[in-house]
Amino acid sequence: VKEIKGPNWGQVIGGKIGGSKHKSITKIKISYPEVSEDLGEFIGIVLGDGSIDYKNYTVQICLHREFDSEYVKYVTNLVRSLFNVEAKVYNNSKQNMTRIRINSKLLIKYLENFKLKKKQIPKVFIENKRFLSGVLRGLFDTDGSIHMSSRWCVLDFTSNSRLLKDFKNHMEKFGIPCFVTSNH
């Protein structure tokens with residue numbers, strides 16, 4: 001068969017089926033922002049409703065498709081302004097969810113500096129109140145909700161208990177008294 005078809009006939013045919021030969025994947029260049037309030041907000045968003053796939057170099061943020069449609073635009077603009085990269089947006093009507101996805105090995109390597117696997121607010125953001133306010137805003141925007149009880153304004157979170165306790169302690173730094181009523 002090799003004599004009749006040639007040694008690489010499958011690659012030649014396979015490359016021509018799609019109309020052109022496969023191009024090699026290029027690395028997407030990103031900007032590396034300095035630690036800031038905006039970067040803190042992005043970190044808070046990822047901690048709240050995001051995930052990082054270190055194996056496939058993907059950051060994904062899942063939001064409600066209807067209720068968060070304006071917030072999806074806000075987050076994609078934030079990603080663009082911080083990292084100079086376009087996030088992909090995928091709508092899933094069956095799950096009523098929008099996924100914001102960024103595929104970038106360079107971004108994942110950059111985010112590894114903040115040790116987000118620990119699911120806690122990185123120390124570098126705790127040391128500056130302005131940077132910390134960005135993280136808290138991102139966390140609350142993605143994972144918090146407010147409702148009124150008979151005596152209190154109640155903040156509900158779906159985050160893990162460690163992140164919830166971090167949030168409570170750091171809100172008190174801003175003079176906002178908080179208490180945790182139950183563990184998740």
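Up top is the structure these notes are about.
Numbers given to residues run from 1 along each chain, matching the order in which its sequence is written. Where local features are concerned, this predicted model is filtered to residues with pLDDT of at least 70; where side-chain atom pairs are given and counted, the filter is 80 or more; whole-chain, interface and lining totals use all residues. Side-chain measures here rest on the full set of heavy atoms in the structure, leaving out hydrogens and waters.

## Re the overall build of the protein chain
Where we set the bar: Here a strand is any run of E in DSSP of at least two residues, a helix any run of H or I of at least four, and the numbering for each starts at the N terminus. Here the term buried applies to any residue with accessible area under 20% of the maximum for its type, exposed to any over 50%, and partly exposed to those in between, with areas from a 1.4 Å probe on protein chains only. By definition in these notes, contact holds between two residues if any of their heavy atoms fall within 4.5 Å.
Assigned secondary structure in the protein chain consists of 8 helices and 6 strands. Taken from N to C terminus, the helices and strands of the protein chain fall in the order α-α-α-β-β-α-β-β-α-α-α-β-β-α. Taking all 184 residues of the protein chain together, 36% fall into the buried category. Considering only residue pairs separated by 6 or more positions, the protein chain has 64% of its internal contacts joining residues 24 or more positions apart.

## So, helix H4 (residues 69-83)
Using the following cut-off: Take the residue count of a helix, subtract one, and multiply by 1.5 Å to get its expected span. What the arc measures is the spread of directions leading from the helix axis to the C-beta atoms.
Taking 1.5 Å of rise per residue, the 15 residues of H4 would be expected to cover 21 Å, and the 21 Å separating its terminal C-alpha atoms lies within 8% of that figure. Three or more residues of H4 are buried, namely Tyr 71, Val 72, Val 75, Thr 76, Leu 78, Val 79, Leu 82 and Phe 83. For H4, the arc enclosing every buried residue in end-on projection is 155°, short of the 170-degree limit, so these residues lie on one face. Across H4 from its buried face, at more than 90 degrees, point the exposed residues Glu 70 and Ser 81. Those residues of H4 that are buried are in contact with helix H3 (37-49), strand E2 (58-64), strand E3 (88-92), strand E4 (97-103), helix H5 (105-112) and helix H7 (129-143). One or two residues past the end of H4 sits Asn 84, with phi positive at roughly 55°.

## With respect to the sheet that holds strand E1 (residues 50-53)
Quick note on the threshold: Two strands qualify as a pair provided that DSSP identifies no fewer than 2 bridges between them. In this analysis, axes come from line fits to C-alpha atoms, helices being fitted only over the stretch in contact, and the angle between any two N-to-C directions falls in the range 0 to 180 degrees.
Pairing within the open sheet is antiparallel, and its 4 strands lie in the order E1-E2-E4-E3. Of all strands in the sheet, those with a lone pairing partner are E1 and E3, marking the two edges. Averaged over all adjacent pairs, the angle separating strand axes in this sheet is 20°, with direction ignored. Together, E1 and E2 form the strand contacts of H3, whose direction differs from that of E2 by roughly 70°. The sheet strands contacting H5 are E1, E2 and E4, and the helix crosses E2 at an angle near 85°.

## Brief notes about the nonpolar core
Heads up, the condition is: Residues enter a nonpolar core if they are buried and are Ala, Val, Leu, Ile, Met, Phe, Trp, Tyr or Cys, with the set joined through side-chain atoms within 4.5 Å.
Core analysis: the biggest nonpolar cluster contains 39 residues, and Phe 42, Val 59, Phe 83, Leu 111 and Ile 121 have the highest contact counts within it. Residue assignment for this core shows that the elements contributing at least two residues are H3, E2, H4, E4, H5, H7 and helix H8 (161-173). What Val 59 contacts, discounting residues up to four positions off in sequence, is Phe 42, Val 46, Ser 51, Ile 52, Ile 100, Arg 101, Ile 102, Leu 107, Ile 108 and Leu 111.

## Regarding H8
Under the 1.5 Å per step criterion, the end-to-end length of H8 is 19 Å for 13 residues, consistent within 8% with the ideal 18 Å. Just beyond H8, the residue with positive phi is Gly 175, at close to 80°.

## As for the pairing of E3
Pairing geometry for E3 and E4, over 5 bridges, is antiparallel. From the neighbouring strand, Asn 92 faces E4, where its bridge partner is Met 97.

## Some words on the environment of Asn 96
By the element assignment, Asn 96 lies in the loop between E3 and E4. Taking the C-alpha atoms as reference points, Asn 96 and Glu 66, 30 residues apart in sequence, are found 7.2 Å from one another. Setting aside residues up to four positions removed in sequence, Asn 96 forms contacts with Leu 63, His 64, Arg 65 and Glu 66.

## Concerning the pattern of salt bridges
Note the threshold: Just to be clear on terms, a salt bridge is a Lys or Arg side-chain nitrogen sitting within 4 Å of an Asp or Glu carboxyl oxygen.
Summed over the entire model, instances satisfying the criterion amount to 6 salt bridges. With a shortest N-O distance of 3.6 Å, Arg 130 and Glu 37 are connected by a salt bridge. Note that Arg 130 is positioned in helix H7 and Glu 37 in helix H3, a separation of 93 residues in sequence. In this structure, Glu 37 engages Arg 137 in a salt bridge whose closest nitrogen and oxygen atoms are separated by 3.1 Å. Pair noted here: Glu 37 is in helix H3 and Arg 137 is in helix H7, with a separation of 100 residues, a long-range link. Owing to a relative accessible area of 22%, Glu 37 belongs among the partly exposed residues under this scheme. The exposure class assigned to Arg 137 is partly exposed, which follows from its relative accessible area of 29%. Put simply, Glu 37, Glu 41, Arg 130 and Arg 137 are held in one network by salt bridges that share partners.

Note that all results are geometric; they support no functional claim without further evidence.
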